[in-house]
Amino acid sequence: MQREQAVQREQAVQQLLRTRARAVRERDRAAFLATVDPRARELRARQAAVFAALEQVPLGSWEYVLDAGTAEPADEALDRRYGRGAWWAPAVVLRYALEGFDPRPVEVDHHLTFVRRGGRWLLAADDDFARRGRPTPRALWDRGPVVAVRSGGVLVLGHPGQQRLVREVAGTAAAAVPRVTRVWGRWSERAVVVVPDDGRELAGLLGDEGELSRLAAVAVAELRGGRDEHDPTGERVLVNPQTFSRLGPLGRRVVLTHELTHVATRRASGPAVPAWLAEGLADVVGYSGLDLPRSVTAADLRREVRAGRAPMRLPTEADFAGDSPRLSSSYPAAELAVRLLERRHGRPAVLRLYRELGARRGVTPEQALVEGLRRLGTTPEAFTAAWRADMQRQLG
Ligand SMILES: [Zn+2]
């Protein structure tokens, strides 16, 4: 391709992306759909649905960033479909922020195909590269109409069929916000909760094919630029509707308070924060203000302890995975560890330990924990032994 043509192509696609972004922000349906290739009927119908679904979503920003220097290589199948030299699939990133909720935009890699029709370039596909492992992620609004409910500092997004659950989640999550603040201290006191229709949609939103059925909700964030940088954005709590709905009001309160704790602590939860500390603190906050007996909160762990199968070591990240056989006993095990630290050193020292570990970079989590516990006058081995003894006392 001639350089001049390449420049024209880039300018045309750049312009098209600007038009699309402005059309979303200014709610101009005709302008939005005019950027789609008329021959791409299925895409056009989907784009019309997405545009309608975005109506209730409070967008603070919405833009596409084009990287013309990075594009999909030559492809015979696409040459046959669109004509040789008549298609182009450069790297495009959607950057958007939910108004009042995302302090910095969320970035999503889109894998779009643009085609030349006459003298114009138009959007022809967003799924040509899915088979090669580069699908364009489908957000909630790509999956059906969206309703949005606000309550206090909480925004809940779901589909119309889940309106009742969306409302209830909004109320329960809003009530959880001050509970989190009372323990953790200052945070944005803003949270976005997403209620998909079912577990399948949840898996799609998470891009996770793993076992999710036992999770009532999960807190996630975008971590771009490597784990050690820990620069999270786009914090969301996703509800697993069937599992969540099986819980009573108390269980729902505990789950949402637990997940909002993850949202509040996310920036402070760098790679050196051990899973038991993050999950244990989230459970301490989750149960705050309640006086639930251990027979309720630690039933599975108590059974293990009484059967002589008490865990030998503090739970790790893998113990909290959806398919972990220790999932239900790992939460109370972590909670007991955090409560033990609180009894011995006081809550401020525990929160200080959390923030110190969360700020560590360039050390292994193990080394960071050794140093963190040393400041409290203990070691991982001594603390683990004390935690096991405490577990026997509380549950044996
Ligand atoms: Zn958790």
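On a predicted model such as this, the values are computed, not experimentally measured, just so you know.

With that settled, consider the overall build of the protein chain. Counting its secondary structure elements, the protein chain contains 15 helices and 11 strands. Along the first, second and third principal axes, the C-alpha atoms of the protein chain reach 80 × 45 × 35 Å. When the 396 residues of the protein chain are sorted by exposure, 37% land in the buried category. Long-range pairs, those at least 24 residues apart, make up 65% of the contacts in the protein chain with a sequence separation of at least 6.

The next point concerns the environment of Arg182. Assignment of secondary structure puts Arg182 in helix 5 (residues 163-184). Note on Arg182: 11 C-beta atoms within 10 Å, which makes it exposed. Separated by 103 residues in sequence, Arg182 and Val285 have C-alpha atoms that sit 8.8 Å apart.

Here we come to the pairing of strand 11 (residues 232-239). With six of eight residues buried, strand 11 lies mostly within the body of the structure. Taken together, the two bridges between strand 9 (residues 191-195) and strand 11 define a ladder with parallel strand orientation. Residue pairing for strand 11: Val193 is matched across the bridge by Val237. In this structure, strand 10 (residues 217-223) lies alongside strand 11, joined through six bridges in antiparallel fashion. Counterpart to Val218 in the pairing with strand 11 is Leu238.

Our next topic: the nonpolar core. Core analysis: the biggest nonpolar cluster contains 94 residues, and Phe114, Val156, Ala173, Val193 and Leu260 have the highest contact counts within it. Looking at which element gives the most residues to this core, the answer is helix 5, with eight residues.

What follows concerns the sheet that holds strand 2 (residues 87-88). The strand order across the open sheet formed by three strands is 2-5-6, and the pairing between neighbours is antiparallel. Looking at which strands have only one partner, the edges of the open sheet turn out to be strand 2 and strand 6 (120-125). Against the sheet, helix 1 (residues 3-25) touches strand 2, strand 5 (113-117) and strand 6, its axis set at about 65° to strand 6.

Two numbers describe how helix 11 (residues 299-306) lies on helix 12 (residues 327-345): the axes approach to 7 Å, and their chain directions differ by 90°. Taken together, helix 11 and helix 12 sit at an angle that is classed as roughly perpendicular. Touching Asp300, Leu301 and Glu304 of helix 11 are Ser328, Ser329, Pro332 and Ala333, all from helix 12.

Quick look at the sheet that holds strand 1 (residues 59-71) now. Spatial strand order, 1-3-4: three strands in an open sheet with antiparallel pairing. Each end of this open sheet is capped by a strand with a single partner; those strands are strand 1 and strand 4 (106-110). Sheet twist, expressed as the mean angle between neighbouring strand axes with direction ignored, is 20°. As paired strands, strand 1 and strand 3 (residues 90-98) are joined by nine bridges and run antiparallel to one another. Bridge pairing in strand 3 places Trp62 opposite Tyr96. Of the strands in this sheet, strand 1 and strand 3 are in contact with helix 1, which crosses strand 1 at around 165°.

This brings us to helix 13 (residues 347-359). Between its first and last C-alpha, helix 13 extends 18 Å over 13 residues, near the 18 Å set by a 1.5 Å rise per residue. Buried within helix 13 are the following residues: Val350, Leu353, Tyr354, Leu357 and Gly358. One side of helix 13 carries all its buried residues, which in axial view fall inside an arc of 125°. Tucked into the core, helix 13 has its buried residues touching helix 9 (275-286), helix 12 and helix 14 (365-375).

So, on to the environment of Leu327. The topology assignment puts Leu327 in helix 12. Among the residues examined, Leu327 registers 17 C-beta atoms within 10 Å and is labelled partly exposed. Spatially, the C-alpha atoms of Leu327 and Thr257 are 19 Å apart, while their sequence positions differ by 70 residues. Among all residues touching Leu327, those that are not within four sequence positions of it are Arg214 and Phe320.

Glancing now at the environment of Thr113. For Thr113, the position within the fold is in strand 5. Overall, Thr113 belongs to the buried group, with 24 C-beta atoms counted inside 10 Å. A sequence separation of 213 residues divides Thr113 from Arg326, and the C-alpha atoms of the two residues are 45 Å apart.

As a further point, take unusual backbone geometry. The residue Arg27 is not glycine, and still its phi comes out positive at about 55°. With respect to the secondary-structure elements, Arg27 resides in the loop between helix 1 and helix 2 (29-33). Even without a glycine there, the phi angle at Glu189 is positive, about 55°. Residue position: Glu189 is located in the loop between helix 5 and strand 9.

So, on to the packing of helix 12 against helix 13. Running from N to C, helix 12 and helix 13 point in directions that differ by 125°, and their axes come no closer than 7 Å. When the interaxial angle is binned, helix 12 and helix 13 end up oblique. Contact residues: helix 12 offers Val338, Leu341, Glu342 and His345, while helix 13 offers Arg347, Ala349 and Val350. Split by residue class, the contact of helix 12 with helix 13 holds four nonpolar, one polar and two charged.

Before going further, it helps to spend a moment on the pairing of strand 3. Residues Pro90, Val92, Leu94, Tyr96 and Leu98 line the buried face of strand 3, whereas the alternating positions Ala91, Val93, Arg95 and Ala97 sit on a face that is not buried. With five bridges connecting them, strand 3 and strand 4 associate as antiparallel partners. Across the sheet, the residue bridging to Tyr96 is Val106, located in strand 4.

Reading guide: rules and limits
- Every chain's residues receive numbers from 1 upward, in the order its sequence appears when written.
- Given that this is a predicted model, residues contribute local features only at a pLDDT of at least 70 and side-chain atom pairs are listed and counted only at 80 or more, while totals for whole chains, interfaces and linings are drawn from all residues.
- Starting at the N terminus, helices and strands are each numbered in turn, a helix being any DSSP run of H or I of at least four residues and a strand any DSSP run of E of at least two.
- Each residue is classified by how many other C-beta atoms fall within 10 Å of its C-beta atom, where C-beta atoms are placed from the backbone; a count of 20 or more means buried, 12 or fewer means exposed, and values in between mean partly exposed.
- For every residue pair, C-beta atoms are placed from the backbone, and the pair is scored as a contact if these atoms sit within 7 Å.
- At least two bridges found by DSSP between two strands is the condition for calling them paired.
- Defined on buried residues, the nonpolar core groups Ala, Val, Leu, Ile, Met, Phe, Trp, Tyr and Cys residues joined through C-beta atoms within 7 Å.
- Lines are fitted to the C-alpha atoms to define the axes, a helix being fitted only along its stretch in contact, and any angle between axes, read from their N-to-C directions, falls within 0 to 180 degrees.
- By the definition adopted for this analysis, an angle is roughly parallel if under 35 degrees, roughly antiparallel if over 145, roughly perpendicular if from 65 to 115, and oblique otherwise.
- Helices are assigned an expected span. That span is 1.5 Å times one less than the residue count.
- When we speak of the arc, we mean the arc of directions from the helix axis to the C-beta atoms.
- Gly is put with the polar residues, along with every residue not named as nonpolar or charged; the nonpolar set is Ala, Val, Leu, Ile, Met, Phe, Trp, Tyr, Cys and Pro, and the charged set is Asp, Glu, Lys and Arg.

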